[in-house]
Structures are given as C-alpha cells and as structure tokens.
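# Analysis of the macromolecular model
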Amino acid sequence: MEDPESILFKFKGYYFYKLRLNIDFLENLEDFEIREDDVFIITYPKSGTIWFQQILSLIYFEEHRKRTANLNTVDQVPFLEYYSKKIDFAERPSPRLFSTHLPYYLFPSGAKNKKPKIIYVYRNPKDVVCSYYYFFKNVILKITGSFEEFFEQFLEGKVVGSLWFDHIKGWYEQKSHFNIQFMMYEEIKKDLRGSILKVCKFLGKELSDEDIDSVVAQAMFENMKSDPRANYDIIMQSDGVPKKGHFLRKGTIGDWKNHMTVEQNERFDKIFQREMKDFPLKFIWDMNDE
Ligand code: PPS
C-alpha cells in the first residue's frame, strides 16, 4: 500500500487531498465572507456529494434543468477547498452554491451569524468505506493494497476527511449554531422525489410538478452516470492519467456485504455502537431496511 501521506495534507488536525487543494485559501478560510443566501452541501467523502451537487444545480438553474445551456455540475456547485478551475467566489452572483468536506471547526466562522443554508448528507459508513476503497484504487490510482489495508486506514482516520465518526458527530453536536438540514443518502435513494421536495422546502424553492419531475429524472443514478456534465469523468481525465473507475460506480445500498468479512463487520459494529451511542440520527444498512 502506498504511504497515505503521499496524497494527504494535514491542516489543523484534518486530512485533505493534496491534489487541487487551495492551500492559500485554506489558510484564510476562517474569514471567508459568507452571504446569507449562500447554500452549502457538506459531506464526508463518498457520501453523495456529486449527487447533491447535481440536485442543487438542477433546482437552482433552469437552464440546467431544461438543458438549454451546457453547464457542468461541478462549476455550478464548486468545492470550497478544492478547485478544478480557479474561481473568484467574491465575484460570483448570489445565491452561491458550494460543496465541501470541511469539519465544523474549519468552516468559515461567518456562517454562525449569517446562517446560510447547509445540507449535510450522510451515508452508512460501511458503504462509505467500500465506495472509498474503489475510488482510491480506480480513480485516484494511489493505492495498490487490499480492501483489508484500506479498511484499517479508514478506521484510523488516515484518509481524506479523517475519522468518519468525528465528522458526523462534530456537525451534529454543533447543529444549533447553523441553519442545517441533515439528509440520509439511503433515504434519498429510496425516495428521490420525496427527498427533493424536502430539500426544496428547506431551501424555500417552489418548483412546478413538471420541474420536479425533471430534477428527479436527471438526478437518477443511470441518468447521471451517462451525462458527461454530471458524471465527473471530465475531471478524472483532466490530469492525463487513464483511469479504470468512475465517480458513479454502483450507487446502491448494502454493497459492503460483498466486501466486508464477518470479522470485519463485527468489529465495525462494535466500534459503531461505542462511537455512536446515543447518536439520534437513523442509519440504513440494507436496501430492504425501512
Ligand atoms: S466524493 O469523491 O466525496 O465527491 O464522492 P461522493 O460524490 O460523495 O460519493 C460518491 C458515491 O455517491 C454515489 N452516487 C450516487 N448514488 C445514487 N444515485 C446517484 N444519482 C448518485 N450519484 C453519485 C456514487 O456512485 C458513489 O458511490 P458508490 O457506492 O461508489 O457507487
């Protein structure tokens, strides 16, 4: 297994990708000027970030919804701390849409006063670790090791996003300081339309039934996977290294059962029970779970 340090950058106790990290920006992130009408998607990696980028872009941009302009989702809802193109955020018209993997304590402090809308999307961490493994193996191309090795790294928090448990608990415990809506990947998967309506309500966006139909259709896994504006393949190709994988891999619930051994699963359950004791948000581990 390649030394994880070769792709990681540690800043104030939290691991970032070195690649495309805007380090100057990071140093000044605390003071980044927040607007009241900004909207943020916050995720731990591999929890539905690009899915929600697509959903937000479709909700906010009629030209995206109606396909009248050739918009790349990632440019419509750019990452705060990573860039595919350098963007002057101060010049961007409101409402600005962002995505980020930041932990609560690195988030711009102005958010506590300005109360921009924040959507925190979380996913069951067994599927996160599987999705993450394939991402490193086939997309980032930096690990040649086994799932077992990656699993250990994930449990140690030696991955981008650091410890999954700290990320979600941190945001949840701090929720009263923010205007934040928690959304579960698995619920979105099971009820895409209902989830989009819930998000529209939180955002104060009223779309016609026809517009909602269009958002739902274009946010479905198969449709995103085949849409070059939404599937991120363009970003993967941009560093000139041929990749074997895709950001949109399986998009399902319970793939962990195909990867984790009984022993790994039992260990994970024990850690989960210890770390998430009294944590009130629900988790779904299987497609058939309610
Ligand atoms: S990243 O690298 O952190 O931005 O990755 P992220 O986008 O958070 O997560 C990637 C996983 O989300 C799945 N995905 C979807 N699932 C269902 N429906 C739709 N429309 C969708 N879009 C993205 C994607 O397939 C990755 O999960 P896996 O399990 O690897 O397929």
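One structure accompanies this document, and this report is about it. (Residues numbered from 1 in each chain as written. Predicted model: local features only at pLDDT ≥ 70, side-chain atom pairs only at ≥ 80, totals over all residues. Heavy atoms only, no water.)

### Some words on unusual backbone geometry
In most cases, non-glycine residues show a negative phi, while peptide bonds are predominantly trans. For clarity, the threshold we go by: Under the DSSP-based scheme used, a helix requires at least four consecutive residues in state H or I and a strand at least two consecutive residues in state E, with every element numbered from the N terminus. Buried means the residue's accessible area, taken with a 1.4 Å probe over protein chains only, is under 20% of the maximum for its type, while exposed means over 50%, and partly exposed covers the values in between.
Going from Ser94 to Pro95, the amide bond is cis rather than trans, its omega being -5 degrees. With respect to the helices and strands, Pro95 occurs in the loop between helix H4 (73-76) and strand S4 (97-100). A positive phi angle, close to 50 degrees, is found at Lys115, a residue other than glycine. On the secondary structure map, Lys115 appears in the loop between helix H5 (111-114) and strand S5 (117-122). For Lys115, a relative accessible area of 34% translates into the label partly exposed.

### A closer look at the sheet that holds S4
Here is the rule we go by: In this description, strands pair whenever DSSP reports at least two bridges between them. Think of each axis as a best-fit line through the C-alpha atoms, taken over the contacting stretch in the case of a helix, with angles from 0 to 180 degrees between the N-to-C directions.
Read from one edge of the open sheet, four strands run S4-S3-S5-S6, paired in parallel fashion. The open sheet is flanked by S4 and strand S6 (179-184), the only strands paired with a single partner. The average undirected angle you get between the axes of adjacent strands in this sheet is 20 degrees. In the sheet, strand S3 (residues 39-43) pairs with S4 via four bridges, with the strands oriented parallel. Directly across from Val39, in S4, lies its bridge partner Leu97.

### Here we look at the site of the ligand
We apply this condition: A molecule or strand has a residue near it when one of that residue's heavy atoms lies within 4 Å. Think of a polar contact as two N or O atoms within 3.5 Å of one another; within protein, one of them needs to be a possible hydrogen donor and the other a possible acceptor, and neighboring residues in sequence only count if both atoms come from side chains. Each residue is assigned to one of three groups, with Ala, Val, Leu, Ile, Met, Phe, Trp, Tyr, Cys and Pro labelled nonpolar, Asp, Glu, Lys and Arg labelled charged, and all others, Gly among them, labelled polar.
By nearness alone, 20 residues border the ligand, and Thr49, Ser131, Tyr185, Lys250 and Gly251 come closest of all. The side chain of Ser131 places a nitrogen or oxygen atom 2.7 Å from an oxygen atom of the ligand. Between the ligand and Ala219, the relevant distance is 3.0 Å, taken from a nitrogen atom to a main-chain nitrogen or oxygen of the residue. Contributing elements (two or more residues each) for the shell around the ligand: helix H2 (49-60) and helix H12 (221-225). If one sorts the elements of the shell around the ligand by residue count, H2 sits on top with three residues. The residue makeup of the shell around the ligand, split by class, is 10 nonpolar, six polar and four charged.

### Description of the pairing of strand S1 (residues 8-11)
In this structure, S1 lies alongside strand S2 (residues 14-17), joined through four bridges in antiparallel fashion. Its bridge partner being in S2, Lys10 is matched across the sheet by Tyr15. The antiparallel pairing of S1 with S2 creates a hairpin that spans two residues between the two strands, and Lys12 there sits at a positive phi of about 50 degrees.

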